[in-house]
Amino acid sequence: MSLEKYQTELIEHGMSVGALKFGTFTLKSGRTSPYFFNAGLLASGPVLNTLCSAYAATIANALKSSPGLPEFDILFGPAYKGIPFAAGTAILLHRDHGIDVGFAYDRKEAKDHGEGGITVGTPVKGKRVLVLDDVATAGTAIRATIDTVKREGGEVVGAILMLDRQEVGKEGRSSIAEIEELLGGKGRVPTILKMKDLMRWLQEHGRTEELAKMQEYWEQYGAKESA
C-alpha cells in the first residue's frame, strides 16, 4: 500500500529540516534506535503547514472510520511543542474540513494569579477532549496529559499522534494498544505515520542500508500486533 501524499510530504519535509534523521540514537528508554524524529525542529511556516495539514487530514479520516475517533469538542496540545501544533491543526480542521473545535493547552507550572489554573484556552471542564502529541514510545507523556485533563474536569476521548514507533510498551504490548484501552477501545489513537511507513519510504527510495537497520530494530522491539 502506497503512502498518502501528506505522509510523504511530512517525511521529506522532516528530513529537509533535520527533524527526521536516520543513524544511531539513544532514546529516553535506553534503547538504541536507528532513527529519531525531533518534532521541535518542525518550526517554519511551510513545515508547520505540512504537519498540521497531516494532523487535520488524519483526524478527519479517523472521525469517519469504524472503529475510529468519537466526536470531540477540544483539541489539547501539551506544552510546549504541542501548543503550536494543536493551534495550527484547529485552524486547518476548520478551513479544510469544516470541523470546528476549541483549542487548549497546559502550563508547565500552575499560575496562581489572574485566571490561575494549569490549562489555557477553551475550558476543558465537562468537554470531550482529543489530545494531540508528537511521538509515542512508551506512552508516558500521553498518560500524564490524560491525568491533567481529568483533573481539570474534561474527558479525554482519544489522542492523535504524529508518529507511532510501533514498539512494545510497559506491559510488553504495543504502547498504542495500551493507550487505546485506556481511552475506550480500538481506533481511539490514530497516527499520521508509523515506523512501518518510514520503512516503506526507505524501500521506495532504495535506501537499503538504513532499511536493514530499521528491520533489525523492528525484530527486536517492534510491537508485532500493530503491524
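The structure under discussion appears in the preceding block.
Residues numbered from 1 in each chain as written. Predicted model: local features only at pLDDT ≥ 70, side-chain atom pairs only at ≥ 80, totals over all residues. Heavy atoms only, no water.

### Quick notes on the packing of aromatic side chains
Taken as a whole and assessed by the stated rule, the structure comprises 4 aromatic pairs. Judged by centre distance (5.8 Å) and plane angle (35°), the ring pair of F103 and Y105 falls under tilted. Taking the ring centre of Y35 as reference, the NZ or CZ of R165 above it sits at 4.2 Å. (Phe/Tyr/Trp six-rings, centres within 6.5 Å; stacked < 30°, edge-to-face > 60°. Lys NZ or Arg CZ within 6 Å of the ring centre and 35° of its normal.)

### Things to note about the pairing of strand β7 (residues 155-164)
The element β7 is largely enclosed, with a buried count of 9 among its 10 residues. For β7 and strand β8 (residues 191-194), the ladder comprises 3 bridges, and the chain directions are parallel. Bridge pairing in β8 places L163 opposite L193. (Buried < 20%, exposed > 50% of the residue type's maximum accessible area, 1.4 Å probe, protein only. Helix = DSSP H or I, 4+ residues; strand = E, 2+ residues; numbered from the N terminus. Pairing = 2+ DSSP bridges.)

### Describing the nonpolar core
I59, F72, L75 and M162 are the most contacted members of the largest nonpolar core, which totals 50 residues. Among the elements that take part in this core, helix α2 (residues 45-64) stands out by supplying 11 residues, more than any other. When residues no more than four places from it in sequence are discounted, the contact partners of M162 are L10, F37, A39, L42, L51, Y55, D133, D134, V135, I192 and L193. Core analysis: the second largest hydrophobic core is formed by 17 residues, F76, V149, V156 and I179 among them. (Core = buried A, V, L, I, M, F, W, Y, C linked by side-chain atoms within 4.5 Å. Contact = heavy atoms within 4.5 Å.)

### So, helix α6 (residues 195-204)
Among all positions of α6, only M195, D197, L198, M199, W201 and L202 are buried. Once α6 finishes, G206 follows within two positions and takes phi at roughly 65°, a positive value.

### Focus: helix α7 (residues 208-221)
The first and last C-alpha atoms of α7 sit 20 Å apart over 14 residues, in line with the 20 Å expected at 1.5 Å per residue. Among the residues of α7, L211, M214, Y217, W218 and Y221 are the ones counted as buried. End-on, the buried residues of α7 take up no more than an arc of 125°, which puts them together on one face. Residues T208, E209, E216, E219 and Q220 are exposed on α7 and point more than 90 degrees away from its buried face. Next to the buried residues of α7 lie β1 (20-26), β2 (32-37) and α6. (Expected span 1.5 Å × (residues − 1). Arc of directions from axis to C-beta.)

### A short note on the packing of helix α1 (residues 5-16) against α2
Contact pair α1 / α2: the axes reach a minimum separation of 9 Å and the direction vectors enclose 150°. Judged by the angle between their axes, α1 and α2 are roughly antiparallel. Where α1 crosses over α2, the two elements pack in a sense that is left-handed. Here Y6, E9, L10 and H13 of α1 come into contact with α2, specifically with P46, V47, T50, L51, A54, A57, T58 and N61. In terms of residue class, the contact of α1 with α2 is built from 7 nonpolar, 4 polar and 1 charged. (Axes fitted to C-alpha atoms, helices over the stretch in contact; angles between N-to-C directions. Parallel < 35°, antiparallel > 145°, perpendicular 65-115°, else oblique. Left-handed = near helix turned anticlockwise from the far one by under 90°. Nonpolar A, V, L, I, M, F, W, Y, C, P; charged D, E, K, R; others polar.)

### A word on the side chain of T119
Counting through the fold element by element, T119 comes out in strand β5 (residues 117-121). The class of T119 is buried, set by a relative accessible area of 17%. T119 has contacts with F76, Y105, D106, R107, T148 and E152, leaving out every residue within four places of it along the chain.

### Points about the pattern of salt bridges
Taken as a whole, this structure holds 11 salt bridges when the rule is applied. Across the salt bridge formed by K213 and E209, the nearest N and O atoms sit 3.9 Å from each other. Remark: E209 and K213 occur in helix α7; sequence separation between them is 4 residues, near one turn of the helix. A residue is classified by how much of its surface remains accessible, and K213, at 41% relative accessible area, is partly exposed. By relative accessible area, which is 60% here, E209 ends up exposed. By sharing partners, the salt bridges in this structure join R31, R165 and E167 into a single network. (Salt bridge = Lys/Arg side-chain N within 4 Å of Asp/Glu carboxyl O.)

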